[in-house]
Amino acid sequence: MAIRACLGLMILLFSSTISTALFEDQVGLSDWHQKYIGKVKHAIFHTQKTGRKRVVVSTEENVLASLDLRTGNIFWRHVLGKIDCIDQVDIALGKYVVTLSSGGSILRAWNLPDGQMIWESILQVSAPSKSLLHALANMNVGKDNLILVFGGSLIHALSSTDGQIVWRKELSTNSLEIQQVFQPRDSDIFYALGFIDSSEFVAYYVNYKNGEVLQQSKASFKSGFCGEASLSSNDVVVALDASRTYLVSISFRNGVITFQQTYIPDLIPEFSGKATLLPSKYNGILAVDIASSIVLLRVKGVNELEIIEKINYPSAISDALPFSKEQQAFAILQHDESRIHIKVKFDTDLTNEVLKETIQLDGQRGNVEKVFINNYIRTDRTHGFRVLVVMEDHSLLLVQQGEIVWTREDGLASIVDSTTSELPVEKEGVSVAEVEHSLFEWLKGHFLKLKGTLMLASPDEVAAIQAIRLKSFEKNQMTRDHNGFRKLIIVLTRAGKILALHTGDGRVVWSVLLPVLRESETCGNPFVLNVYQWQVPHHRAMHENPSVLVIGRCGHNFDAPGIFSIVDAYTGKVHNSLVLEHSVRHVMPLPLTDSTEQHLHIVIDDNLHAHLYPKTSDAVKIFLDEMPNVFWYSVEVGKNIIKGYSLEIKGELDMAENVFQPKELWSIVFPSESETIALTATRKMNEIVHTQAKIVADQDVMYKYISKNILFVATVAPKASGEIGSATPEEAWLYAYLIDTVSGRILHRVSHQGAQGPIHAVVSENWVVYHYFNLRAHRHEMSVIEIYDQSREDNKDVWKLVLGKHNLTAPISSYSKPDVTVKSQSYFFIHSVKSMAVTATAKGITSKQLLIGTIGDQVLALDKRFLDPRRSANPTQSEKEEGIIPLTDSLPIVPQSYVTHALQVEGLRGIVTTPAKLESTTLVFSYGVDLFFTRIAPSRTYDSLTEDFSYALLLLTIVALVAALLVTWALSERKELREKWR
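Residues numbered from 1 in each chain as written. Predicted model: local features only at pLDDT ≥ 70, side-chain atom pairs only at ≥ 80, totals over all residues. Heavy atoms only, no water.

Asks: What should I look at first to understand the overall build of the protein chain in this one?
Replies: Within the protein chain one finds nine helices and 64 strands. Looking at the protein chain residue by residue over its 982 residues, the buried ones come to 51%. Put simply, of all contacts in the protein chain between residues at least 6 apart along the chain, 51% involve residues at least 24 apart. Working note: accessible area of the protein chain is about 46700 Å², and carbon and sulfur atoms make up 52% of it. (Helix = DSSP H or I, 4+ residues; strand = E, 2+ residues; numbered from the N terminus. Buried < 20%, exposed > 50% of the residue type's maximum accessible area, 1.4 Å probe, protein only. Contact = heavy atoms within 4.5 Å. Areas by Shrake-Rupley, 256 points an atom, 1.4 Å probe, with all protein chains shown as cover.)

Spelled out as structure tokens, the structure:
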């Protein structure tokens, strides 16, 4: 009986420590989620006396958000999507945020306090043109104000209460673009000013109540207009001519249009090039950007322009802020190295400055790009100003009273590429005091955990347990851990900024804006491409820090000069940054390193010449030894051609240039009348495969066809290359190819009738999974292809293996005729997909999981076993023992399989996986407008204990077990003694 009680106690204690669920208090311990909005392009302040003070912004990532002016935190946010670009933002009735998007075709109203959508109106757009939104002020039609939307030759007037169209007016003029709309005070009309075919100016006088055109005036201008205009008064507009060298003052008083030209070099002698009008609305003042500075001009009637002030670059100027009925304020920001000078002036008195402040700023944020101004009442009843600043790196700052109130690193909403770097090794040598302190904290922590497990802890002790748990993970330290969980995620943003994020909590360890991107005279219109690992020194043999390579272009064209920068992965120090003499079309990281452990890279330029980096004799020597084994391919989507190349040396190799010539080996031309290349995908170069053999049912062996040269190509019918529904099922088809990129041999080809994109695919080991849309079934599908090597079938004989008469060690050549077999299967999948990835582990032993970025901006982990092509409806007993899942037509979606839990990674664009040192664990980083990081174990954590494992409870269990053994031993001895006395 005592033994049974002992066993029952042991089962109870051990079962209380086993758990596979994720509790609420565990969220955030091994993962983090960060929300961003992107680069701000519109901002409207809402600072009424009642309610929270906020600023409503729209961004280049098509995000509409309300930010707290005190902290910069997000009150609410909406991500509208790629094609729903926000054109303008305004506030109506003091309680609705009104947005115009999709080229002026969608008008929405959002509730200002909570961001709920109140109404949505779909507007007819005659032709793609500049759209304009204007909310009429103090013009009540019934009980609400009108919202005017201009798009092409159409004007819509909508109710701000319910979004209903009050009236609609189609102007008889084609090719019309309205540039400016204004409403005279206490008037029943509004003026709409614009251009017709960029050669004619037109002014409409419209009744706001019914849309009746009361008067129309137009006049031709021989030199033409560039399409930019600025309203300087109620009867004068200033525009730029087509050459952007003349300022044209246009008077439309009483319906009579007159032009007056001013040659900009006569007004500004240092002017050269082309001018730009800044979209500001100042009374009688014009802001002109002349490339080297911003010039403020006073508009005196239609015949005279006077220079008021020149603001040298780098600088920015805000829009006008109505301060009173007669005055407007605006802000001027000038950047001076690490300082920003802020000046606020009234348009009625430009000689005096209402506010003048200077703030210190991080030099890695670049120059000021945009500025928005707002006023407030100080405690002493005087007027103060706050300034919202958008920097070159897309970060957002709020400045008030000469200090930066808060900063948002919103450049992280536009990540284009990422890689990882190991942290430094922890230094050896720890003092005795530190050991004693750590031991005391360890005992204290486990004592508190024991009280928490036994439900004896007070609320304060529960909070202390949580704090100790967070601290005990040591996830935020800047040194490596033995599990490989702590790393640096090096991300590259669209602004050309590199940031290092700590995997522990997502904080920014360092950031740097590439210097070459800020030198416009050296590299105009810079465009970053990718980030690669450059140098990864062994921590016991090298003292250098690891570094990363950033590749870009001075423009979006393939023939633009390339950008080459090397950055220290630990400190962010830029070791080298330069503009290359050649272009960058493609970059190939090679699995080779030189004596300093720098990775070799081949850069292919627009002429298909190969440039070797680093340019050292050691690198050249290593590469020449391996050059016969280097092959590469190019995909020309527009021409429907894939070509394969090797490298050769023509003449004598120039050691200073390290340029190699391409040698075309093969080409595949897809028939353009029936196929269009939609997608290509390959394996990761650093993917590790544990074994080539796969044990199947009945102890049989299948050998995977493992090759890093496999290229997956998906083509679709030309009519089906558009969006879903652009073609009928009879007109749509999809072909999937597996191609060897060394020989150009097509290993496998399969067709899917009635299928079209968008297509997403991932390649790993010997299989590929791709996702597409089935028009016949009106559902998404996922297909899997597995390829096996039949040439090694003879190795199944055990005696051949024992006697060494096998070909397992025989070299494999891509030129030899492959003897392969292919297995494939298709399944319905409920979700549309944005991105796909596959888990990666240190040794490749752990089972694979597909990581699928769904249309709902979540990441789903799907076991690869569900995509096994050998699944059948009635698997045999041996197949069940192998783990084959019975066949179903659809792939299951288990809610617990979402690695993002209930969170969303808004605007999800990419998923990156990195192996940890523990074989069971994969680190997952997903990015879009938001960032999310976590670690997952596809086959459970079979090689480690969880972080919250209770050692104190284990010790208590052992003590209880020993005590129970002693008690039972004593009882059995007593019983035995009694029996002997009988």
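Asks: Quick question: what am I supposed to make of a nonpolar patch on the surface here?
Replies: A cluster of nonpolar residues, Ile-958, Val-962 and Leu-966, forms a patch on the protein surface that exposes about 270 Å² of accessible area. Among the secondary structure elements, Val-962 is positioned in helix α9 (residues 951–981). Taking relative accessible area as the criterion, Val-962 reaches 42% and is therefore assigned partly exposed. (Patch = residues over 30% accessible without salt bridge, like charges linked within 9 Å, V, L, I, M, F, W, Y side chains within 5 Å. Salt bridge = Lys/Arg side-chain N within 4 Å of Asp/Glu carboxyl O.)

Asks: How should I be thinking about the sheet that holds strand β2 (residues 40–46) in this particular structure?
Replies: Hydrogen bonds along the backbone pair up the strands of a sheet, which may run parallel or antiparallel. Taking strand neighbours across the sheet as the criterion, the four strands line up as β2-β3-β4-β5 in an open arrangement whose pairing is antiparallel. Since the sheet does not close on itself, it has two edges, and those belong to β2 and β5 (74–79), each with one partner. Put simply, the sheet's adjacent strands are angled 15 degrees from each other on average, direction ignored. (Pairing = 2+ DSSP bridges. Axes fitted to C-alpha atoms, helices over the stretch in contact; angles between N-to-C directions.)

Asks: Help me understand the pattern of salt bridges, please; the structure alone is not making it clear to me.
Replies: Two side chains carrying opposite charge are able to pair once their charged atoms lie near each other. Within this structure, the stated rule accounts for 36 salt bridges. A salt bridge links Lys-497 to Glu-409; its shortest N-O distance comes to 3.1 Å. With Lys-497 in strand β37 (residues 497–502) and Glu-409 in the loop between β34 (403–408) and β35 (415–422), this residue pair connects regions lying 88 residues apart in the sequence. You'll find Lys-497 and Glu-409 in the same group, each marked buried. Measuring nitrogen to oxygen at the nearest pair gives 3.0 Å for the salt bridge that ties Asp-505 to Arg-507. Overall, Asp-505 belongs to the partly exposed group, its relative accessible area being 29%. For Arg-507, a relative accessible area of 29% corresponds to the partly exposed category. Connected through shared salt-bridge partners, Lys-39, Glu-60, Glu-61, Glu-369, Arg-494 and Arg-909 make up one network.

Asks: When you look at the side chain of Ser-230 in this model, what are you seeing that I'm missing?
Replies: As for its position among the elements, Ser-230 is in strand β18 (residues 225–231). Using a relative accessible area of 3% as the deciding quantity, one classes Ser-230 as buried. Not counting residues up to four positions away in its chain, the partners in contact with Ser-230 are Gln-180, Val-237, Val-238, Leu-277, Ser-280 and Leu-286.

Asks: Explain the packing of aromatic side chains here, please?
Replies: Remark: the centre distance and the inter-plane angle together describe each pair of aromatic rings, the angle taken between the planes. By the definition in use, this model includes 24 aromatic pairs. Ring centres 4.9 Å apart and planes at 40 degrees place the aromatic pair Tyr-246 and Tyr-263 in the tilted group. Of this pair, Tyr-246 sits in strand β20 (residues 246–251) while Tyr-263 sits in strand β21 (residues 258–263), placing them 17 residues apart in sequence. According to the relative accessible area criterion, Tyr-263 is partly exposed, its value standing at 33%. Through a chain of ring-to-ring contacts, the aromatic side chains of Phe-182, Tyr-191, Phe-195, Phe-201, Tyr-205, Phe-221, Phe-225, Phe-252 and Phe-259 assemble into a single cluster. (Phe/Tyr/Trp six-rings, centres within 6.5 Å; stacked < 30°, edge-to-face > 60°.)

Asks: Can you walk me through the sheet that holds strand β64 (residues 931–936) in this structure?
Replies: Pairing in this open sheet of four strands is antiparallel, and the strands run β1-β64-β63-β62 from one edge to the other. This sheet does not close on itself; its edge strands, each paired only once, are β1 (32–34) and β62 (910–915). Pairs of neighbouring strands in the sheet enclose a mean axial angle of 15 degrees, with direction left out of account. Where β1 and β64 come together, three bridges link them in antiparallel fashion. The partner of Gln-34 across the bridge, within β64, is Leu-931.

Asks: What's the story with the environment of Ser-153 in this structure? I'm lost.
Replies: With respect to the element layout, Ser-153 can be found in the loop between β11 (144–151) and β12 (154–159). Between the C-alpha atoms of Ser-153 and Ile-178, which are 25 residues apart in sequence, the distance is 8.3 Å.

Asks: Honestly, the pairing of strand β23 (residues 285–289) in this entry has me stumped. Any pointers?
Replies: Every regular strand shows the same layout, with side chains that alternate between the two sheet faces. In terms of burial, β23 is a largely internal element, five of the five residues being buried. Both faces of β23 are covered, namely the face carrying Ile-285, Ala-287 and Asp-289 and the face carrying Leu-286 and Val-288. As defined by bridge partners, strand β22 (residues 276–277) adjoins β23 across two bridges and the pair is classed as antiparallel. What sits directly across from Thr-276, in β23, is Asp-289.

Asks: I keep staring at the pairing of strand β48 (residues 659–669) and nothing clicks. Help me out?
Replies: Where strand β45 (residues 610–613) and β48 come together, two bridges link them in antiparallel fashion. In the strand pairing of β48, Ala-610 is matched with Phe-660. One ladder, built from eight bridges, connects strand β47 (residues 641–648) with β48; its direction is antiparallel. Bridge pairing links Ser-646 to Lys-663 in β48.

Asks: What is the right way to read helix α6 (residues 617–626) from this model?
Replies: One full turn of an α-helix is made of 3.6 residues, so residues set three or four places apart face in the same direction. Residues Ala-619, Val-620 and Phe-623 constitute the buried set of α6. One side of α6 carries all its buried residues, which in axial view fall inside an arc of 100 degrees. What points out from α6, more than 90 degrees from its buried face, is the exposed set Ser-617, Lys-621 and Asp-625. Considering only its buried residues, α6 is in contact with β43 (586–593), β44 (599–604), β45, β47 and β48. (Arc of directions from axis to C-beta.)

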